[in-house]
Amino acid sequence: MDDSKFLNLADARLGAVVLSATDEFFGAKERLLNPSEPEWRAGVYDDHGKWMDGWETRRRRIQGFDHCIVQLAAPCTLDSLDIDTRYFTGNYPPHASVEACHTLGKPDANTQWSELLAYTALLGNQRNPFALSSTGIYTHLKLNIHPDGGVARLRAYGSVHRDWSRTSASESIDLVAALNGGRALICSDEHYGAMGNLLLPGRGASMADGWETRRRRGPGFDWVVLRLGHPGRIEQIEIDTAHFKGNFPHQVSAHAALLQTQDESDLASECLNWPALLEPQLLKADQVHQFRTQLRDIGVVSHVRVNMHPDGGMSRVRLVGRIS
């Protein structure tokens, strides 16, 4: 199962939040959506017992099961789920099920839930991936654990569903933002930081929250190909080097094109022939850079290749423009 093609809509950095839980005696429900990998802290205890990096309920002594309700980062279609039980060995739930709904407000007693994942066995101390076949558009998930226990992380991989008919052609918008359906598709290297971080909201919390490549020892430069959430004309490129001080790129440039096909299998070769949108521009450490007058008018584009000369790290990329 390749979840790299999809966005985790249960990521707290995107705005996902756990609204409620039947119980969180041993582990706070908010940990469920932490974007970092689960960790084990040997010998660490709090007032309730062993500290666990995840959501954990007390031992259930009556019938029923525990659940929590997650508000996803945006309305979306879902391709797969990952119920991660790492470090939960004698205290993971033996079974789980997941329901989903689409609602404008918070779910209530009248909310109609649909089964997304049927009652399914889980394994402890490992990721439990599940492919989904649903085509619905969802805003919330209900994770049911049978009967109780702990889950380190819940990840919901899918694609943002944005109703672009509600966006005016005169409105300037970040066309590549993750919450607008933008995606980082392929890059030359991501040794220290994932390319998908470039499209997250806000400024990066640290260097780890950006895209960073290894030190380049030969000729050339590093690059990343981004797909816009909707084709449009780019009017401004914003490059944020937040937290990158001794390792920011010397220069940045961009090439772009309007792809006439949905086939993205050979982007690494195809992007070499795209016209220049932005010629190389100098960058500074830990700073937001905006390029507007420097852009070339190459018309409507759907994909952009952002180049770092020769290597280094960037926190965020914004491609502000208007939909075509």
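Residues numbered from 1 in each chain as written. Predicted model: local features only at pLDDT ≥ 70, side-chain atom pairs only at ≥ 80, totals over all residues. Heavy atoms only, no water.

Chemist: Just checking my understanding: could you explain the pairing of strand 17 (residues 251-257) for this structure?
Modeler: It is a general feature of regular strands that their side chains alternate between the two faces of the sheet. Of all 7 residues making up strand 17, 6 are buried, and the element is well covered by its neighbours. As paired elements, strand 17 and strand 18 (residues 276-282) share 4 bridges and run antiparallel to each other. Of the residues in strand 18, the one forming a bridge with His255 is Ala276. With 7 bridges joining them, strand 17 and strand 20 (residues 301-309) adopt antiparallel strand pairing. By the bridge assignment, Ala256 is partnered in strand 20 with Val304. (Buried < 20%, exposed > 50% of the residue type's maximum accessible area, 1.4 Å probe, protein only. Helix = DSSP H or I, 4+ residues; strand = E, 2+ residues; numbered from the N terminus. Pairing = 2+ DSSP bridges.)

Chemist: Mind showing me how you'd approach the pairing of strand 16 (residues 222-240) here?
Modeler: Of all 19 residues in strand 16, 14 are buried, a share of seventy percent or more. Sheet topology note: the strand 14 (residues 183-187)/strand 16 ladder contains 4 bridges and is antiparallel. Considered in strand 16, the bridge of Arg183 is made with Arg227. Sheet topology places strand 16 next to strand 22 (residues 316-323); 8 bridges connect them, and they run antiparallel. For Gly232, the partnering residue across the bridge sits in strand 22 and is Ile323. The pairing of strand 16 with strand 19 (residues 288-291) spans 4 bridges and is classified as antiparallel.

Chemist: What exactly am I supposed to notice about the state of the cysteines here?
Modeler: Disulfides are covalent bonds that connect the sulfur atoms of two cysteines. Scanning the entire structure with this criterion turns up 0 disulfides. Cys101 takes part in no disulfide bond, and the closest cysteine sulfur to it belongs to Cys76, at a distance of 11 Å. By relative accessible area, which is 2% here, Cys101 ends up buried. Looking at the unpaired Cys187, the closest cysteine sulfur is the one in Cys271, lying at 11 Å. (Disulfide = S-S within 2.5 Å.)

Chemist: I'm lost on the environment of Ser302 in this one. Help?
Modeler: Along the chain, the position of Ser302 falls in strand 20. Between the alpha carbons of Ser302 and Asp240 there is a distance of 22 Å; along the sequence they are 62 residues apart. In this structure Ser302 touches Leu226, Arg227, Leu228, Pro231, Ala257, Leu258 and Leu259, once residues within four positions along its chain are discounted. (Contact = heavy atoms within 4.5 Å.)

Chemist: Would you take a moment to explain the environment of Leu278 for this structure?
Modeler: Within the secondary structure, Leu278 sits in strand 18. The buried category is assigned to Leu278, whose relative accessible area is 1%. Separated by 132 residues in the primary sequence, Leu278 and His146 have C-alpha atoms spaced 54 Å apart. Those residues within four positions of Leu278 in sequence are excluded, and the remaining contacts are Ile237, Val252, Ser253, Ala254, Phe291, Gln294 and Leu295.

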